[in-house]
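# Observations on chain architecture
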Amino acid sequence: MQIYVLIFMLLLALFMAYKAMDKDLMSPAFLYTAPFCIALLCCVVYADKWSLDLHLNTFITILFGSILYILVCIFIHFLYGKRLLRISRRKDNQCIPINVENWKIVLTIVIQCISLYVVVDSMRVSLAKYGISGNLSLLMYYFRSYSLFSDYSVGISDLAINLRLFSIASCYIWIYVFVNNRILKKKTKNEILLIISFGLGIANSVILGARGEALQLIFALVAIWFFIKRKHNNWKSNIKFKQIIALLSGVLFLLVIFKGTGDILGRSSVIASTTSAIDEVAKYFGAEIKNLDLFLNEEHSKPIVFGEQTFSVLLTWIDAKYRIGWNINSILKFRRINGISLGNVYTLYAPLIYDFGYVGAMAMIIVMAILSQCLYENVLIEKKSKVINGKIIMNSYILFLLSFSFFGERFFSSILNFSFYKYIIIWLFMMWFVTKVHINVKKY
């Protein structure tokens with residue numbers, strides 16, 4: 001019964017966020033809350049199979065965390081964002097076409113192809129130490145499995161890491177160019193090249209066996225479209241019903257092919273699975289709630305280091321560099337209920353509560369809301385000389401992390417990660433490269 005009450009109250013909170021944020025579907029408050037509603041709906045359908053009987057502490061954690069996040073965002077919006085919006089609407093916010101020379105996109109495509117070759121070769125060399133060889137699907141499966149769930153030391157070279165990082169990060173710039181010109185209905189001859197580069201970015205993102213970065217690129221495509229559309233319409237939210245239907249259709253398509261993409265990435269290369277596509281989607285979109293409920297009602301050891309699970313990426317880097325000996329391991333174990341795999345995803349609340357307790361977790365939610373909402377409002381502050389608004393690109397990245405809070409803690413682990421700062425450097429370089437570097441190619 002509690003889960004139905006929770007869904008009803010979260011939907012009310014979601015509606016409050018939608019109205020308070022001027023019907024903006026891309027607002028942090030909306031994107032943080034909506035996925036939890038979807039996850040809970042999945043839980044209702046699978047409640048019997050998963051033996052789900054929501055405990056009071058789980059109920060309060062999810063409800064209070066969402067409402068707290070929404071209220072902080074609304075407070076900042078009315079205190080800070082409304083004034084910026086009024087100032088911005090007095091300016092000329094019309095977008096302008098972005099003309100990119102073909103050779104720039106071709107150069108990026110060449111680097112992306114080289115990246116794929118170098119990364120695959122590096123994977124082969126790393127896995128060969130443990131006698132693993134075979135086709136690409138098998139390599140992807142074992143590389144991901146060994147790097148995440150074993151004590152084997154596998155990895156790719158620094159060259160492969162940085163080439164892959166550039167290949168993915170540069171896609172955000174090309175997405176911006178493609179979307180901007182499409183919204184202006186300006187047909188360019190290099191659209192095919194931009195699409196090819198995007199496809200190669202997706203390939204580079206999944207080559208290590210995970211789908212997260214590919215989903216992030218697809219999300220960026222949608223988010224950047226929303227941002228530029230609003231900017232071009234003087235920051236008015238004028239999303240049409242047919243556009244919402246198109247977006248929901250796209251999400252439905254991704255859900256349908258979700259299990260198939262896992263098979264392509266080698267998830268079924270070694271282990272035969274009888275899990276249906278619907279069960280697979282439910283595991284990724286609802287099992288987090290069941291896992292969180294189990295986690296919050298178990299006894300756990302104390303953290304070795306302050307914030308060890310929330311800041312694990314940063315702390316692991318410090319430990320490896322200075323050999324402190326923290327030996328931080330994830331406490332989020334794989335679970336099975338009634339013979340059904342629920343994975344090892346627990347929403348963002350599990351690591352936050354483990355590290356900081358219930359009160360500390362809510363304090364971290366407040367910090368997350370302040371940072372994300374301030375960054376979101378600052379999109380309105382833009383220099384006229386900027387052809388590409390880097391804040392839109394930054395927000396497309398951050399909003400994905402927020403929307404996946406129902407899945408796990410992504411926000412702090414990503415922004416306290418050196419890869420994120422490399423992304424920023426690449427974005428700044430690419431913005432300069434696209435808009436400032438010009439070479440006259442003479443035709444003979």
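The rules behind the values
Residues numbered from 1 in each chain as written. Predicted model: local features only at pLDDT ≥ 70, side-chain atom pairs only at ≥ 80, totals over all residues. Heavy atoms only, no water. Patch = residues over 30% accessible without salt bridge, like charges linked within 9 Å, V, L, I, M, F, W, Y side chains within 5 Å. Areas by Shrake-Rupley, 256 points an atom, 1.4 Å probe, with all protein chains shown as cover. Salt bridge = Lys/Arg side-chain N within 4 Å of Asp/Glu carboxyl O. Helix = DSSP H or I, 4+ residues; strand = E, 2+ residues; numbered from the N terminus. Phe/Tyr/Trp six-rings, centres within 6.5 Å; stacked < 30°, edge-to-face > 60°. Buried < 20%, exposed > 50% of the residue type's maximum accessible area, 1.4 Å probe, protein only. Lys NZ or Arg CZ within 6 Å of the ring centre and 35° of its normal. Polar contact = N/O pair within 3.5 Å; in protein donor to acceptor, adjacent residues only side chain to side chain. Contact = heavy atoms within 4.5 Å. pLDDT = per-residue confidence, 0-100. Expected span 1.5 Å × (residues − 1). Pairing = 2+ DSSP bridges. Axes fitted to C-alpha atoms, helices over the stretch in contact; angles between N-to-C directions. Left-handed = near helix turned anticlockwise from the far one by under 90°. Nonpolar A, V, L, I, M, F, W, Y, C, P; charged D, E, K, R; others polar. Lys, Arg positive; Asp, Glu negative; His and termini not counted.

## Considerations on a nonpolar patch on the surface
There is a patch of nonpolar side chains on the surface, built from Met1, Tyr4, Val5, Phe8, Met9 and Leu12 and spanning about 650 Å² of accessible area. Structurally, Tyr4 is set in helix 1 (residues 2-20).

## With respect to the packing of aromatic side chains
Evaluation of the coordinates by the stated rule reveals 33 aromatic pairs. Their ring planes at 10° and their centres at 4.2 Å tell us that Tyr32 and Tyr69 sit as a pair that is stacked. Within this pair, whereas Tyr32 is found in helix 2 (residues 28-45), its partner Tyr69 is found in helix 3 (residues 56-89), the two being separated by 37 residues in sequence. An identical accessibility class is assigned to Tyr32 and Tyr69; each is buried. Measuring from centroid to centroid gives 5.3 Å for Tyr141 and Tyr142, while their planes differ by 85°, and the two rings are edge-to-face. A network of ring pairs unites the aromatic residues Tyr172, Tyr397, Phe420, Tyr421, Tyr423 and Trp427 as a single cluster. The lysine or arginine in question, Lys82, covers the ring of Phe78, its NZ or CZ lying 5.1 Å from the ring centre. Over the ring of Phe433 we find Lys104; its NZ or CZ atom is 5.5 Å from the centre of that ring.

## Some details on the pattern of salt bridges
Within the structure shown, the criterion is met by six salt bridges. For the salt bridge of Asp24 with Arg230, the shortest nitrogen-to-oxygen distance reads 3.0 Å. With Asp24 in the loop between helix 1 and helix 2 and Arg230 in helix 8 (residues 212-232), the pair connects residues that are 206 residues apart, well separated along the chain. Glu213 serves as the salt-bridge partner of Arg164, at 2.3 Å between the closest nitrogen and oxygen. Taken together, the positions of Arg164 in helix 6 (residues 158-183) and Glu213 in helix 8 put the pair 49 residues apart, joining distant regions of the chain. Here Glu213 falls in the partly exposed class, since its relative accessible area comes to 26%.

## Some thoughts on the side chain of Asp24
Classification of Asp24 by relative accessible area gives buried; the value is 5%. Among the polar contacts listed, one links the side chain of Asp24 to the backbone nitrogen of Met26, at a separation of 3.0 Å. Within the structure, Asp24 has its side chain in polar contact with the side chain of Arg230 (distance 3.0 Å). For Asp24, the contacting residues outside a window of four places in its chain are Tyr18, Phe30, Arg230, Ser237 and Tyr376.

## Describing the confidence of the model for the chain
On average, the chain scores 87 in pLDDT, and the residues at 70 or more come to 89%. Predicted confidence in the chain is weakest over helix 9 (residues 241-264), with a mean pLDDT of 62, and strongest over helix 13 (residues 349-377), with 96. Of the regions scoring below 50 in pLDDT, residues 269-273 engages in seven contacts with residues more than four places distant in sequence or in other chains.

## Thoughts on the environment of Ile388
Inspection of the secondary structure puts Ile388 in the loop between helix 13 and helix 14 (390-403). Setting aside its immediate chain neighbours within four residues, Ile388 contacts Ile98, Ile173, Tyr176, Val177, Ile393, Met431, Val434 and Thr435.

## A few points about helix 14
Taking 1.5 Å per residue, 14 residues should reach 20 Å; helix 14 reaches 20 Å between its end C-alpha atoms and fits that length. Counted residue by residue, helix 14 has 12 buried out of 14 residues, so it is predominantly covered. Every buried residue of helix 14 is listed here: Ile392, Ile393, Met394, Asn395, Ser396, Tyr397, Ile398, Leu399, Phe400, Leu401, Leu402 and Ser403. The backbone nitrogen of Lys391 lies 3.0 Å from a side-chain oxygen of the residue at the head of helix 14, namely Asn389.

## Here we look at the pairing of strand 2 (residues 340-343)
With three bridges connecting them, strand 1 (residues 335-337) and strand 2 associate as antiparallel partners. Within strand 2, the position partnered with Ile337 by the bridge is Ile340.

## Quick word on the packing of helix 4 (residues 102-128) against helix 5 (residues 136-149)
Packing of helix 4 against helix 5 brings their axes to within 10 Å, and their N-to-C directions diverge by 65°. As helix 4 packs across helix 5, the resulting crossing turns out to be left-handed. Of helix 5, the residues touching helix 4 (which contributes Val120, Met123, Arg124 and Leu127) are Leu136, Leu139, Met140, Tyr142, Phe143 and Tyr146. Grouping the amino acids of the contact of helix 4 with helix 5 by side-chain chemistry returns nine nonpolar, no polar and one charged.

## Notes on unusual backbone geometry
Located in the positive-phi region is Asp22, a residue other than glycine, with phi close to 60°. With respect to the element layout, Asp22 can be found in the loop between helix 1 and helix 2. Taking relative accessible area as the criterion, Asp22 reaches 32% and is therefore assigned partly exposed. One non-glycine residue, Lys23, adopts positive backbone phi at about 60°. Of note, Lys23 is situated in the loop between helix 1 and helix 2. A residue is classified by how much of its surface remains accessible, and Lys23, at 44% relative accessible area, is partly exposed.

## What to know about the side chain of Glu308
Take Glu308: it is sitting in the loop between helix 11 (287-296) and helix 12 (312-322). It turns out Glu308 is buried and unbridged, and the closest side chain with the opposite charge, Lys302, is 12 Å from it. In contact with Glu308, not counting residues within four places along its chain, are Pro303, Leu315, Ile328, Asn329, Tyr354 and Asp355.

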